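# Descriptive structure summary
Chain by chain, the residues:
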Amino acid sequence: MKCSKIIFKKTSYVQFVCKLDTLWLLVAMTLMSLIIGCATAQVSSSFSPRSINEVRFRDRSQSKYDDEVRVTVAVPSAEENKALFSANLAMKEIQPIWVKVENHSDRTYYLISAATDPNYFSPNETSFAVHGGLSRSDQKEMENYFRSMNFRSPILPDTAVSGFIFTNLDEGEKVVQIDLIASQQVKLFTFFVQIPGIRVDYQMVDFDSLYKTEEIVNLDQAELRTALEDLPCCTTNEAGSDFGDPLNMVIIGDFLDVAATFSRRGWLPAEETYSTAVWKTIKSFLFGKRYRYSPVSSLYAYGRHQDLARQKPRHSIHERNHLRLWYSPMRFAGKPVFVGQISRDIGVRFTTKSWPPVTHKIDPDIDEARHALIEDLLFSQTLAKVGFVKGVGRATPSRPRENLTGDPYFTDGLRAVLILDQGPISMNQIVELDWEHPRTFQISD
């Protein structure tokens, strides 16, 4: 609106309107310059991607195959993606995964991108997110290029198809699930790819060297139940002198199957507790920022802190479900037995009882977190059997126990046993182990 077009007398009100219009114009111009500047920072002044044959990310590729299909995957680094796509995709938290499927059968297969990432990006969506600062012709060229690089089904008999799936950014690791379907046929391939960057907690664990061959114990189902009931009730501090949170969870499956199962349901790794991670935690606590890989404090079993931690964060550091797992010397049906602890975090507070000096406050009803995990993994398509055993020890709401930082908790005293297998397993195929049965608390408890 121009001041000269306002049909009022020259009063202080008119002057105020003119100044207000000018102010809004300045604000709009400032915002526009910031937007253009930010967009320009994401791409170069021209669109000039390098050939996929020049960027050697496929040197780190992994392959799996059966008698019909061979699948190969590779995850480029952030810098390699800049070269491949002439844009900073990591700034937009987009992570392309390269996939090649070789079909040596007489069936036509389709790749299910939603199995790799339920919230994957389309190529046009990805291009639009990062094309700011380019000319119209370069924007169109980028759009066409991203479409040409996209993985496209079907995979016809005796052919190979390759391309990228544009997924959400993961740090530290990437569990890549490739699901292929054909008429009355499903094939699942799981890849575990470590990504340089953050230090996730399990990367220093050599699972193969934790136990000597003679320490490994193979158990049948009855022996498994007895062994799990004989486990200590709880985690401890490093010295083993005080009890911490209860060992209320057992997960049986190969490491890759465990990692893939949790990844499918949105569970993330935890960063190691070191200076950078501590500072991220404190900033997230003070300013309410999201920190997806917040460290999990150390608890001890088998004489060591957790071998593997997983968490399912909400929108702030204050709330998450998280669990710790220890690789045990037990084996069932040839599969490793992970003994664990799960609880739900409902807040963050300062403490003098641990380092870093901030800790999460847990929901005292730890059985709720245990059941929430079971319900979550029902949808993973890899959960084969579920049961409960004694061993934790009962504590009521009126007479709770406390963990190492003084948070109270109550429980029916059972630990859940979850046995994983290769999927897909539908809910009506899951077997209940007829051992113990959970009970609810009464108000009087």
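Everything quoted here is computed from the prediction, not taken from an experiment.

Conventions used here
Residues numbered from 1 in each chain as written. Predicted model: local features only at pLDDT ≥ 70, side-chain atom pairs only at ≥ 80, totals over all residues. Heavy atoms only, no water. Buried < 20%, exposed > 50% of the residue type's maximum accessible area, 1.4 Å probe, protein only. Helix = DSSP H or I, 4+ residues; strand = E, 2+ residues; numbered from the N terminus. Pairing = 2+ DSSP bridges. Salt bridge = Lys/Arg side-chain N within 4 Å of Asp/Glu carboxyl O. Core = buried A, V, L, I, M, F, W, Y, C linked by side-chain atoms within 4.5 Å. Contact = heavy atoms within 4.5 Å. Axes fitted to C-alpha atoms, helices over the stretch in contact; angles between N-to-C directions. Phe/Tyr/Trp six-rings, centres within 6.5 Å; stacked < 30°, edge-to-face > 60°. Lys NZ or Arg CZ within 6 Å of the ring centre and 35° of its normal. Arc of directions from axis to C-beta.

### So, the pairing of strand β19 (residues 383-390)
Of all eight residues in β19, six are buried, a share of seventy percent or more. Here β19 runs beside strand β22 (residues 414-420); their pairing, made up of seven bridges, is antiparallel. Its bridge partner lying in β22, lysine 390 is registered against leucine 414. Examined bridge by bridge, β19 and strand β23 (residues 431-432) share two bridges and lie parallel to one another. Looking at β23, one finds that valine 386 is bridged to glutamate 432.

### Remarks on the pattern of salt bridges
All chains considered together, the criterion is met by 20 salt bridges. Arginine 147 is the partner of glutamate 143 in a salt bridge, and the nearest nitrogen-oxygen pair spans 3.0 Å. One end of the pair is glutamate 143 and the other is arginine 147, both in helix α5 (residues 136-149) and four residues apart, which spans about a single turn. For arginine 147, a relative accessible area of 28% translates into the label partly exposed. Here aspartate 179 and arginine 264 are joined by a salt bridge, their closest N and O atoms 3.6 Å apart. Of this pair, aspartate 179 sits in strand β6 (residues 173-182) while arginine 264 sits in helix α7 (residues 255-264), placing them 85 residues apart in sequence. Because the salt bridges share partners, they merge into one network encompassing Asp66, Glu68, Arg107 and Lys187.

### Topic: the nonpolar core
The biggest cluster of nonpolar side chains holds 32 residues, and the ones touching the most others in it are Met249, Ile251, Val258, Phe262, Leu323, Leu373 and Leu418. Counting only elements with at least two residues in this core, the list comes to β11 (249-252), α7, β16 (320-332), β17 (335-350), α9 (366-377), β19 and β22. For this core, the element with the highest residue contribution is α7, accounting for five residues. Apart from residues no more than four positions distant in its own chain, leucine 418 is found in contact with Met249, Val250, Ile251, Ile252, Leu373, Ile374, Leu377, Leu383, Lys385 and Val386. Counting 21 residues, the second largest nonpolar core, distinct from the first, contains Tyr109, Leu180, Ala182 and Ile195.

### Remarks on the sheet that holds strand β3 (residues 94-103)
Taken together, the four strands give an open sheet; going across it, the order is β1-β2-β3-β5, and neighbouring strands pair in antiparallel fashion. With partners counted over all chains shown, the strands left at the sheet margins are β1 (62-65) and β5 (159-168), one partner each. Between one strand axis and the next, the sheet turns through 20 degrees on average, direction left out of account. For strand β2 (residues 69-74) and β3, the ladder comprises six bridges, and the chain directions are antiparallel. For valine 73, the partnering residue across the bridge sits in β3 and is valine 99.

### Some remarks on unusual backbone geometry
The step from serine 153 to proline 154 runs through a cis peptide bond, and the omega angle for that step is 10 degrees. Residue placement: proline 154 occurs in the loop between α5 and β5. At glutamate 93, a position not held by glycine, the phi torsion is positive, near 60 degrees. Its place among the elements puts glutamate 93 in the loop between α2 (78-85) and β3. Even without being glycine, glutamine 184 reaches a positive phi, approximately 55 degrees.

### Topic: the packing of aromatic side chains
In the structure shown here, the tally under the stated rule is 16 aromatic pairs. Arranged with centres 5.4 Å apart and planes meeting at 85 degrees, the rings of phenylalanine 262 and tryptophan 267 form a pair that is edge-to-face. One exposure class covers both phenylalanine 262 and tryptophan 267, and it is buried. Lying over the aromatic face of tryptophan 98, arginine 58 brings its terminal NZ or CZ to 5.2 Å of the ring centre. A cation over a ring is seen here: lysine 64 above phenylalanine 191, with NZ or CZ 5.5 Å from the ring centre.

### Describing helix α6 (residues 221-229)
Side chains three or four residues apart in an α-helix point the same way, a direct result of the helix having 3.6 residues per turn. Residues of α6 that are buried include every one of Leu224, Ala227 and Leu228, and no others. Along the long axis of α6, the arc covered by the buried residues comes to 95 degrees, so they all point the same way.

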